[in-house]
Amino acid sequence: MDLNSIMATQLSDLQQTVQMSVLQKALNMNTTAAVQLLNQMPEQPQATHPYKGSVIDVQV
């Protein structure tokens, strides 16, 4: 195996590693941002169910 082939293989491996690292950091940043948004949401009372607990007339 010649030196150019070895270097090309190593460069390809390095590019894949850097790409995975960048993708992982972007995913972590998006996850952090989502958690921050959820934590900033104001606490609101639960919405009532449209029919749960009420009487439904099923006569024909």
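Everything in this summary refers to the structure shown in the same document. Everything quoted here is computed from the prediction, not taken from an experiment.

What to know about the overall build of the protein chain
Across its full length, the protein chain carries one helix and zero strands. Evaluated residue by residue, the protein chain yields a buried proportion of 0% over its 60 residues. Counting every atom, the protein chain has about 6,200 Å² of accessible surface; 61% of that belongs to carbon and sulfur.

Quick notes on a nonpolar patch on the surface
Judged by side-chain polarity, Leu11, Leu14, Val18 and Val22 come together as a nonpolar surface patch covering roughly 360 Å² of accessible area. If you trace the backbone, Leu14 turns up in helix α1 (residues 3-40).

Conventions used here
- Residues numbered from 1 in each chain as written.
- Predicted model: local features only at pLDDT ≥ 70, side-chain atom pairs only at ≥ 80, totals over all residues.
- Heavy atoms only, no water.
- Helix = DSSP H or I, 4+ residues; strand = E, 2+ residues; numbered from the N terminus.
- Buried < 20%, exposed > 50% of the residue type's maximum accessible area, 1.4 Å probe, protein only.
- Areas by Shrake-Rupley, 256 points an atom, 1.4 Å probe, with all protein chains shown as cover.
- Patch = residues over 30% accessible without salt bridge, like charges linked within 9 Å, V, L, I, M, F, W, Y side chains within 5 Å.
- Salt bridge = Lys/Arg side-chain N within 4 Å of Asp/Glu carboxyl O.

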